[in-house]
Amino acid sequence: MSKIGPIGVFDSGYGGLTVLSEIVKQLPEYDYLYLGDNARAPYGTRSFEVVYEYTLEAVKELFSRGCELVVIACNTSSAKALRTIQQNDLPQIDSHKRVLGVIRPSAEVIGDLTKTGHVGILATEGTVKSQSYLIELQKFSPSTKVVQHACPMWVPLIENNRHESEAGKLFIQEDIQQLLDKDPKIDVIVLACTHYPILKQYIETIIPSSIQVLSQGKIVAEKLSDYLKRHHELEKTCSKNGEIHFLTTENSLDFDRKASMFFGKTVVSEHIKF
Ligand code: DGL
């Protein structure tokens, strides 16, 4: 008999909460278990091996707490660990469990949004170096020209609540300018790090209105909804009481204070170690 449990949602820290909030809006009936590995964030500058090891640990933790399906709501982990977990680890852990990421769902729709055929990707160093967006977009929209730019300062600025300071805004302006200098024809900028939606409003004030800024939350939520409709056996294993629990590897009071900014609602978390 299949087990029943919450849908797991994982990120290195707070960013995945921007995805979870959209998932909950679209699929409020399910239960969710969010895990932020805040004690080891940011992942963006870490090596392939380390991101893979940390992500696998987190996924196993969510499985051990009853999740049959885990969404990796982190581009860096999706870029560096998802494929290996899906292909090598899942068959050994439990071939009925599933792990999904955020890059493929985004790549499926990006090509349809651009009129000029030129798209800019803003992401962590790890995501940019992995070339995952280039590889995935090549599959779904081979004619789209993609330019990437890494913003290594953005996650630390956001995590430390310094993104609205004058210095923080200067970093953001500089990175946006560098991206647009690489390709002035860009008409879609993808916020390809789940922390970045916090900056969306500000970014929209410093770019021409002809450029669309895309957050992933809604897209990932829509694709998850489709996925659950197509995978009835898995859907039946997702419990439905409309409850959300939050876990963090850092201090839970610190987590709760900042998490509400990303989730848009009060968050009460539990500290865990693994
Ligand atoms: N939120 C993660 C992402 O989407 C990155 C944050 C980090 O560097 O840990 O890539």
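Not measured: the values here are computed from a predicted model.

Taking strand neighbours across the sheet as the criterion, the six strands line up as E4-E3-E1-E2-E9-E10 in an open arrangement whose pairing is parallel. In the strand order of this sheet, the two ends are held by strand E4 (98–100) and strand E10 (269–271), each with one partner. Between one strand axis and the next, the sheet turns by 20 degrees as a mean value, whatever way the strands run. One ladder, built from four bridges, connects strand E1 (residues 7–11) with strand E3 (residues 69–72); its direction is parallel. Note that in E3 the partner of Gly 8 across the bridge is Val 70.

What follows concerns the site of the ligand. The ligand sits among 13 residues. The nearest are Ser 12, Tyr 43, Gly 44, Asn 75 and Thr 76. Note that a nitrogen atom of the ligand is positioned 3.1 Å from one of the side-chain N or O atoms of Asp 11. If the ligand stood free it would expose 300 Å²; the protein chains cover 99% of that surface. Here the shell around the ligand is composed, by residue class, of five nonpolar, seven polar and one charged.

For helix H9 (residues 166–182), spanning 17 residues, the distance from its first C-alpha to its last is 25 Å, which sits close to the expected 24 Å at 1.5 Å a residue. The set of residues buried in H9 consists of Gly 168, Ile 172, Asp 175, Ile 176, Leu 179 and Leu 180. For H9, the arc enclosing every buried residue in end-on projection is 135 degrees, short of the 170-degree limit, so these residues lie on one face. The exposed residues of H9 that point more than 90 degrees off its buried face are Glu 166, Leu 170 and Asp 181. Along its buried surface, H9 packs onto strand E5 (118–123), strand E6 (145–150), helix H8 (154–159), strand E7 (188–191) and helix H10 (200–206).

One pass over the full model with this rule turns up eight aromatic pairs. Arranged with centres 5.2 Å apart and planes meeting at 20 degrees, the rings of Tyr 14 and Phe 255 form a pair that is stacked. Of this pair, Tyr 14 sits in the loop between E1 and helix H1 (16–26) while Phe 255 sits in helix H13 (residues 252–263), and the two are 241 residues apart along the sequence. Taking relative accessible area as the criterion, Phe 255 reaches 0% and is therefore assigned buried.

Definitions and cut-offs
Residues numbered from 1 in each chain as written. Predicted model: local features only at pLDDT ≥ 70, side-chain atom pairs only at ≥ 80, totals over all residues. Heavy atoms only, no water. Pairing = 2+ DSSP bridges. Helix = DSSP H or I, 4+ residues; strand = E, 2+ residues; numbered from the N terminus. Axes fitted to C-alpha atoms, helices over the stretch in contact; angles between N-to-C directions. Near = heavy atom within 4 Å. Polar contact = N/O pair within 3.5 Å; in protein donor to acceptor, adjacent residues only side chain to side chain. Areas by Shrake-Rupley, 256 points an atom, 1.4 Å probe, with all protein chains shown as cover. Nonpolar A, V, L, I, M, F, W, Y, C, P; charged D, E, K, R; others polar. Expected span 1.5 Å × (residues − 1). Buried < 20%, exposed > 50% of the residue type's maximum accessible area, 1.4 Å probe, protein only. Arc of directions from axis to C-beta. Contact = heavy atoms within 4.5 Å. Phe/Tyr/Trp six-rings, centres within 6.5 Å; stacked < 30°, edge-to-face > 60°.

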